[in-house]
Amino acid sequence: MRAVLAIPAFRRLWLVTSIAGVCDWMSLLALSALATQLTSGYQAQSFALGGVVATKLLPPLLLGPVAGALADKFDRRRVMVVCDLLRCALFVSIPLVGRLWWLFVATLLIEMCALFWIPAKDAAVPNLLRRPDQMETAAQLALVMTYGVSVITASGLFALLSRGGAIVGASALDTVYVAVLLSGAAYLVTALTVALRIPEISGRSDARPATPGVLALIHDGAAFVARTPLVRGLVIGIIGAFAAGGIVIGSATLYAQSLGGGNAAYGVLFASVFIGLALGMGAAPRMARRIPHNRLFGAGIVAAGLALVLVA
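Presented here is an overview of the structure given in this document. (Residues numbered from 1 in each chain as written. Predicted model: local features only at pLDDT ≥ 70, side-chain atom pairs only at ≥ 80, totals over all residues. Heavy atoms only, no water.)

Some remarks on the state of the cysteines
For step 1, the next point in the chain: For the coordinates displayed, the defined rule picks out zero disulfides.
For step 2, the next point in the chain: Considering cysteine sulfurs only, cysteine 113 is the nearest to cysteine 83, which forms no disulfide, with 5.1 Å between them.
For step 3, the next point in the chain: For cysteine 83, a relative accessible area of 6% translates into the label buried. (Disulfide = S-S within 2.5 Å. Buried < 20%, exposed > 50% of the residue type's maximum accessible area, 1.4 Å probe, protein only.)

Structural notes on the layout of surface pockets
For step 1, the next point in the chain: The computed volume of the second largest pocket comes to approximately 160 Å³.
For step 2, the next point in the chain: Surrounding the second largest pocket, Phe74, Arg78, Val79, Val82, Cys83, Leu86, Leu109, Met112, Cys113 and Phe116 form its lining.
For step 3, the next point in the chain: Looking at the lining of the second largest pocket, the element that brings in the most residues is helix α4 (residues 76–97), giving five residues.
For step 4, the next point in the chain: Its residues placed into classes, the lining of the second largest pocket shows nine nonpolar, no polar and one charged. (1 Å grid on protein atoms, 1.4 Å probe; cavity = no way out; pocket = protein on both sides within 12 Å on 5 of 7 lines; lining within 4 Å. Points joined across faces, edges and corners; volume = space filled by probe spheres on them. Helix = DSSP H or I, 4+ residues; strand = E, 2+ residues; numbered from the N terminus. Nonpolar A, V, L, I, M, F, W, Y, C, P; charged D, E, K, R; others polar.)

A word on the packing of aromatic side chains
For step 1, the next point in the chain: Per the stated rule, a full pass over the model turns up eight aromatic pairs.
For step 2, the next point in the chain: Note on tryptophan 25 and phenylalanine 270: the rings are 5.8 Å apart at their centroids and 55 degrees apart in plane angle, and the pair reads as tilted. Highlighted residues: tryptophan 25 in helix α2 (residues 8–37) and phenylalanine 270 in helix α10 (residues 262–288), separated in sequence by 245 residues. Both residues of the pair, tryptophan 25 and phenylalanine 270, belong to the buried class.
For step 3, the next point in the chain: Here phenylalanine 270 and phenylalanine 274 contribute two aromatic rings whose centre-to-centre distance is 5.4 Å and whose plane-to-plane angle is 40 degrees, an arrangement assigned as tilted. (Phe/Tyr/Trp six-rings, centres within 6.5 Å; stacked < 30°, edge-to-face > 60°.)

Side note on the side chain of threonine 190
For step 1, the next point in the chain: Counting through the fold element by element, threonine 190 comes out in helix α7 (residues 172–197).
For step 2, the next point in the chain: Residue contacts for threonine 190: discarding those within four places in its chain leaves Val16, Ile19 and Asp84. (Contact = heavy atoms within 4.5 Å.)

So, the environment of alanine 195
For step 1, the next point in the chain: As for its placement among the helices and strands, alanine 195 is situated in helix α7.
For step 2, the next point in the chain: Distance from alanine 195 to arginine 227, taken between C-alpha atoms, is 51 Å for residues 32 residues apart in sequence.
For step 3, the next point in the chain: With near-sequence residues (within four places) excluded, alanine 195 lies in contact with Arg77 and Val81.

Considering helix α6 (residues 135–168)
For step 1, the next point in the chain: End to end, α6 covers 47 Å across 34 residues, agreeing with the expected 50 Å (1.5 Å per residue, within 8%).
For step 2, the next point in the chain: Of all the positions in α6, only Thr137, Ala138, Leu141, Met145, Ser150, Val151, Ala154, Ser155, Phe158, Ala159, Ser162 and Gly165 are classed as buried.
For step 3, the next point in the chain: One or two positions beyond α6, positive phi appears at glycine 169, with a value near 90 degrees. (Expected span 1.5 Å × (residues − 1).)

Digging into the nonpolar core
For step 1, the next point in the chain: Ranked by size, the top nonpolar core spans 62 residues in total, and within it Phe10, Ile94 and Phe158 carry the most contacts.
For step 2, the next point in the chain: Of all the elements in the fold, those that place two or more residues in this core are α2, α3 (42–71), α4, α5 (100–128), α6, α7, α9 (229–258) and α10.
For step 3, the next point in the chain: Here the element with the most residues in this core is α2; it accounts for 17 residues. (Core = buried A, V, L, I, M, F, W, Y, C linked by side-chain atoms within 4.5 Å.)

A look at the environment of glutamine 45
For step 1, the next point in the chain: Residue placement: glutamine 45 occurs in helix α3.
For step 2, the next point in the chain: Between the C-alpha atom of glutamine 45 and that of leucine 34, which follows or precedes it by 11 residues, the distance is 9.9 Å.
For step 3, the next point in the chain: Contacts of glutamine 45, omitting those with residues within four sequence positions, involve Thr36, Thr39, Ser40, Leu254 and Gln257.

Written as C-alpha cells, this is what we have:
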C-alpha cells in the first residue's frame, strides 16, 4: 500500500475519490433528512424519504452501461471536472430553491453525473500505477475508503453538524442545508484538484467490449437460479435480507425522530450499520472455518431478524 500511495498522481486521485465518497454518503444522510423536513405528516415524510432513496438508485439501474460508454468518448479529466462542477451547482441549488420537487430533480441529476464520473475515474487508475500487479491494492484502498472510512467520516460529520446546530439554536432545516452546502463545496474542491493537480489522467479510454443486453443477462441469471437449488435458496435469502436492509435505511430518519434523537441520532444509526458490517466481515471468515457456509448464512439472517424485533 505504501508503494501505491507513494505515486503522487494516484495519491491525489485517491484523495479526490475519498472526498467524493464522504460527499456521497453525507449527501444521502442530508437529502433524506431534508426530505422529511420539507414535508409534514408521517405518510408524506415516508413517501418523501423513499422517493429520495429511489431517485438515487434509479439512474445506475437504468443508465449505467450507457453512461459508461458515453464517458469513454471524452477526455477523462474533462469529464470528471465537468461532473464535479455540475454536482457542486446542483447541491448549492437545493437550499436556494427549497422545494421537495426540486430535491428529487437535483438528486436525479447528481446521480446521473456520478454515472459519468465513476467510469472516468476507474479508467484513469491503471494509467497512474507503475505495475499491473498494483491494481488489486489500488482497488482495496478504494473499497476501504469508500465503504469504510468515508461512511464513518460522513456519519460523524453529519451527527456533529446536527448536534452543533441544536446547541447554537439553529433549526434542523438550517443544519441540513449547511450539510448540503458543504457537499457542494467539497465537489468544487475535487473539481479544482483534478483540473489543476492531476493532469496525468487526461486521455480517452479504450473502447469497451460488447456486452449482452440487460434483458439477456436477467434471463440467463433467472434460468441459472431456477435450475440450481442451492443458488435458489441463497437468492431468496439475499432478497429477503436486502429488502429488510432497505426498510431499515428507509425508515431510519423517522425512527430516530420517534425516539427524540433527531438528525444527530440518524447519523449515529447510519454509522452503526456500517460498523456492524465491518465487524461481521472480519468475524465471518473465522466462523466459516467451523460452521458450514449455508448454516452461517441462514444463522446470520435469523440473527439480524431477531435484532430488528428487539429494535421494534
